[in-house]
Amino acid sequence: MTTDTIGGVWQYSLDLADGLRRHGIETLLAITGPAPDAGQRAEAEAVATLVDAELPLDWLCDAPAPVLAAGERLAALAARLRVDCVQLNMPTLGARTRFGVPVVAVTHGCVATWWEAARQEPLGADYRWQRALMREGLQAADAVVAPSIAYAATVARHYGLRRLPVAVHNGRRPLGAAGEGPSAPHAFTAGRLWDGVKNTGLLDRVAGAIAAPFRAAGPVTGPHGETVTIDHLVALGRLDAATLAGELAQRPVFVSAATFEPFGLAVLEAAAMGCALVLSDIGTFRELWSDAALFVAADDAEGYATAIRRVLHDALLRRDLEQAAAERARLYIPAAMAASMAGLYESLADARRRAAA
């Protein structure tokens, strides 16, 4: 399985590898992009075998050649290690490479579908090669997986896939136990604050319109120099898992105004800790959290302010939302995710055996 150490794919990969062990499946993790730090390495080695393959991240490359070369190196590595199945969490690696074993391409998001949601103009010329390799990688895979039905539909439409990707909801272990006592009298958000689709600018305006504090965890500067100006949110910077757990254990009102979200692990982490949810009214969040959150149009700053005030001041509503979110979160656990993926691997292996017979 390929993984990277920068975003949510890292946590997804570790949770999946841990769950797969219970199905007797050993996972080899091939690192793309920056090497893991000491803490990440220890965390990964507890559930999988790390392979420092020195593979690039496609979205940090300026041209297709490094990605195509990386696909060939990965195929050679898979052959040498005699793996039974390859899971590409970066599907571009499978664009023009044949692995000789079943390939599962898992699309957690991509530049082209992000751009479609974030910008009004066509995809920039500098990124079109990424869209082309993504299309080739998805079409070449034996199976394509997306973390939600909503995003599966987006991917199928955008890349002209003959079949809808298999939707396997992400799973996440709770970061800790919810705190006891009254819920915190403030709002909270978490994520890549610099990313335009996270709508941080709108949330900053919301923070200025409510009397309660509105805390925000995450980086305000991106890898390509993207940045966001914050005037009213209480910016906490990037938090480690333990510190984030401490924030969520207070059960603040968790808010996401994202305009694009293939799944939304931060929402799941908050829900699992018993936070009431106020979310943007997009297909992914409706699919995952219908009847367990308040929904607001993604561009409605006053709507968010009103919803947050309502939850903070209506104790019965807040309790109902907290309980509904926590109950729904119990559906999205690593065991369920791993069981679905293990079944998919087995079905592909059976098909390969029948074809060879």
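Each remark here, short or long, concerns the structure printed above.
Since this is a predicted model, take the numbers as computed values, not measurements.

K.L.:
Would you mind going over the packing of helix H1 (residues 8–21) against helix H2 (residues 38–45) with me for this structure?
P.N.:
For any two helices packed against each other, one specifies the crossing angle of their axes together with the interaxial distance. Across the interface, H1 lies against H2 with an axial gap of 10 Å and an inter-helix angle of 25 degrees. Considering their axes alone, H1 and H2 lie roughly parallel with respect to each other. Contacts between H1 and H2 pair Trp10, Gln11 and Leu14 from the former with Gln40, Glu43 and Ala44 from the latter. Of the residues belonging to the contact of H1 with H2, the class tally is three nonpolar, two polar and one charged.

K.L.:
I tried to follow the side chain of Thr107 on my own but got confused; where do I start?
P.N.:
Topologically, Thr107 is positioned in the loop between strand E5 (103–106) and helix H4 (111–118). Excluding its chain neighbours within four sequence positions, the residues that come into contact with Thr107 are Pro91, Met134, Val144, Val145, Ala146, Pro147, Tyr151 and Val155.

K.L.:
What is the right way to read the packing of helix H9 (residues 265–272) against helix H12 (residues 315–329) from this model?
P.N.:
Relative orientation of the contacting elements H9 and H12 amounts to 115 degrees, with a least axis distance of 7 Å. Of the two possible hands of crossing, H9 and H12 adopt the one that is left-handed. When H9 is examined against H12, the residues Leu268, Ala271 and Ala272 are found in contact with a partner set consisting of Ala325, Ala326 and Ala329.

K.L.:
Can you walk me through the sheet that holds strand E11 (residues 253–256) in this structure?
P.N.:
Strands pair in a sheet through their backbones, by hydrogen bonds, and they do so in one of two ways: parallel or antiparallel. Read across the sheet, six strands follow the order E10-E9-E8-E11-E12-E13 without closing on themselves; strand pairing throughout is parallel. The sheet is open, and its two edges are formed by strand E10 (234–237) and strand E13 (294–296), each paired on a single side. Put simply, the sheet's adjacent strands are angled 25 degrees from each other on average, direction ignored. Pairing geometry for strand E12 (residues 277–280) and E13, over three bridges, is parallel. Residue pairing for E13: Val278 is matched across the bridge by Leu294.

K.L.:
Help me understand H1 in this model?
P.N.:
An α-helix turns once per 3.6 residues; consequently, residues spaced three or four apart project the same way. Look at H1: 20 Å from first C-alpha to last across 14 residues, which is about the 20 Å you get at 1.5 Å a residue. Along H1, the residues classified as buried are Val9, Trp10, Gln11, Tyr12, Ser13, Leu14, Asp15, Leu16, Ala17, Asp18, Gly19 and Leu20. Buried residues along H1 sit against strand E1 (2–4), strand E2 (28–32), H2, strand E4 (86–88), E5 and helix H13 (334–356).

K.L.:
What should I look at first to understand the sheet that holds E5 in this one?
P.N.:
Taken in spatial order, the four strands make up an open sheet running E4-E5-E6-E7, and their pairing is parallel. Here the strands that pair on one side only, and so sit at the sheet edges, are E4 and strand E7 (166–167). Relative to E5, E4 runs parallel, the two sharing three bridges. In the sheet register, Val86 faces E5, and the bridge partner there is Val103.

K.L.:
It is not clear to me how unusual backbone geometry should be interpreted in this structure. Could you clarify?
P.N.:
Located in the positive-phi region is Glu54, a residue other than glycine, with phi close to 55 degrees. Mapped onto the elements of the fold, Glu54 is located in strand E3 (residues 49–55). The class for Glu54 is exposed, based on a relative accessible area of 70%.

Calculation rules
- Residues numbered from 1 in each chain as written.
- Predicted model: local features only at pLDDT ≥ 70, side-chain atom pairs only at ≥ 80, totals over all residues.
- Heavy atoms only, no water.
- Axes fitted to C-alpha atoms, helices over the stretch in contact; angles between N-to-C directions.
- Helix = DSSP H or I, 4+ residues; strand = E, 2+ residues; numbered from the N terminus.
- Parallel < 35°, antiparallel > 145°, perpendicular 65-115°, else oblique.
- Contact = heavy atoms within 4.5 Å.
- Nonpolar A, V, L, I, M, F, W, Y, C, P; charged D, E, K, R; others polar.
- Left-handed = near helix turned anticlockwise from the far one by under 90°.
- Pairing = 2+ DSSP bridges.
- Expected span 1.5 Å × (residues − 1).
- Buried < 20%, exposed > 50% of the residue type's maximum accessible area, 1.4 Å probe, protein only.

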